[in-house]
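An overview of the molecular structure
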Amino acid sequence: MLFAHDTECGLTAAAALVNTAGPDREGLPDVAALDEFFTAHAWTGRHEHTGAELREVRALRPRLRRLWHADPDEVVTIVNGLLRESHALPQLIRHDDEPYHLHAVPRDAPLATRMAVEAAMAMADLVRMDELSRLRTCDHPDCDNVLVDLSKNRSRRFCDAGCGNRAAVTAYRARKAATQS
Ligand SMILES: [Zn+2]
Ligand SMILES: [Zn+2]
């Protein structure tokens, strides 16, 4: 493990949230989709299942996406802004079956606030460890998903949406075409 468990979870969840906002698709079209996202990423705590909550979560995405493209000073500005607006106060807590980890807002804070703060806390770790280069975008030419490279040798190139397979198939076909011509 490169980073603390909660940092890695926070980074992965932030990337997944950013990737629900594609250029031509909406990954969180309705409250049910947010419910699914909530469960898939093992979120706990307050969850209202309302349109207002959904709008707040969606509105967070462009701000988080910016972290993948910003220089370190801008990342710091965004992270500090998110923490300040959310009145973040780091506290070690234990809940469900998890060991002690940091929460910086109460578990009954709005979902979008908790998503923002969890992402910001995880990003703060990356900044402190000078590891912002772990934030990458997918190498597939047709994909603009973001990813977090948590591999030891920094070898991750593709997002979770099957782009690695797609690229392998394309390369295979190209090789085959080349040997047949
Ligand atoms: Zn927790
Ligand atoms: Zn991709």
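All of the points below concern the structure found in this document. Just so it is clear, the structure is predicted and the values come from calculations on it, not from any experiment. Throughout, residues of each chain are indexed from 1 in the direction in which the sequence is written. To read the labels, note that chains go from A and ligands from 1, taken in the order they are written. Local features in a predicted model are, by the rule used here, given only for residues with pLDDT of at least 70; side-chain atom pairs are given and counted only at 80 or more, and totals for whole chains, interfaces and linings are based on all residues. Hydrogens and water are ignored here; the side-chain numbers use all heavy atoms of the structure.

Each metal's donors are the N, O and S atoms within 2.8 Å of it, or within 3.2 Å when it is Na, K or Ca, and because water is not part of the set, sites may look incomplete. Ligation of the zinc ion (ligand 2) by protein atoms is provided by C138 (SG), C143 (SG), C159 (SG) and C163 (SG), these donors lying 2.3 Å from the ion. Because the angles between the 4 donor atoms bound to the zinc ion (ligand 2) fall within 107 to 117 degrees, the donor set is best described as tetrahedral. We call a residue buried when its accessible area falls under 20% of the maximum for its residue type, exposed when it is over 50%, and partly exposed in between, using a 1.4 Å probe and counting protein chains only. Of the residues examined, C143 reaches a relative accessible area of 13% and is grouped as buried. For C159, a relative accessible area of 7% gives the class buried. A site with four donors is called tetrahedral when every donor-metal-donor angle falls between 85 and 135 degrees; four donors are called square planar, and six octahedral, when opposite donors sit more than 155 degrees apart and all other angles fall between 65 and 115; any other arrangement is irregular.

Before going further, it helps to examine the coordination of the zinc ion (ligand 1). Looking at the metal site, the zinc ion (ligand 1) is ligated by H95 (NE2), H101 (NE2) and H103 (NE2), spaced 2.0 to 2.1 Å from it. For the zinc ion (ligand 1), the donor residues sit on a single chain with the sequence spacing H-x5-H-x1-H. H101 matches H95 in its accessibility class, with the two residues each being buried.

This paragraph deals with the side chain of R134. Working definition: helices are DSSP H or I runs of at least four residues, strands are E runs of at least two. Numbering for both runs from the N terminus. In this fold, R134 is placed in the loop between α5 (111–128) and β3 (135–137). Accessibility expressed as a relative area gives 3% for R134, which makes it buried.

It is worth spelling out the packing of helix α1 (residues 5–18) against α5 at this point. All axes are obtained by fitting lines to C-alpha atoms, using only the stretch in contact for helices, and the reported angles, taken between N-to-C directions, cover 0 to 180 degrees. α5 packs onto α1 with a crossing angle of 120 degrees between their chain directions and a minimal axis gap of 8 Å. When the interaxial angle is binned, α1 and α5 end up oblique. Our pair here, α1 against α5, has a crossing hand that is left-handed. The residues of α5 that touch α1, namely those facing T7, C9, G10, L11, A13, A14 and L17, are M115, E118, A119, A122, M123, D125 and L126. Classification convention: Asp, Glu, Lys, Arg as charged; Ala, Val, Leu, Ile, Met, Phe, Trp, Tyr, Cys, Pro as nonpolar; all other residues, Gly among them, as polar. For the contact of α1 with α5, the per-class residue count stands at 10 nonpolar, 2 polar and 2 charged. Note on terminology: angles under 35 degrees are roughly parallel, angles over 145 are roughly antiparallel, angles of 65 to 115 are roughly perpendicular, and the others are oblique. Left-handed describes a crossing whose near helix is turned anticlockwise from the far helix through less than a right angle; right-handed describes the clockwise counterpart. Throughout, a contact is declared for two residues whenever any of their heavy atoms are within 4.5 Å.

Right, let's talk about the nonpolar core for a bit. A general tendency of soluble globular proteins is for nonpolar side chains to be buried together. Buried Ala, Val, Leu, Ile, Met, Phe, Trp, Tyr and Cys residues that are joined via side-chain atoms within 4.5 Å together make up what is termed a nonpolar core. Of all hydrophobic cores here, the largest spans 42 residues; its most connected members are L64 and W68. Listed by contribution, the elements that provide at least two residues to this core are α1, α2 (31–40), α3 (51–69), α4 (72–85), α5 and β4 (146–148). Of the residues forming this core, the biggest block, 10 residues, is contributed by α5. The residues contacting W68, other than those within four sequence positions of it, are L11, A14, A15, V18, M123, L135, R136, V146, L147 and V148.

Our next topic: unusual backbone geometry. In this model, H87 sits at a positive phi of 50 degrees, which is unusual for a non-glycine residue. Residue placement: H87 occurs in the loop between α4 and β1 (91–93). The class for H87 is exposed, based on a relative accessible area of 68%. Unlike most non-glycine residues, D96 shows phi in positive territory, near 45 degrees. Looking at where D96 falls in the secondary structure, it is placed in the loop between β1 and β2 (101–103).

Shape descriptors only; they carry no functional weight alone.
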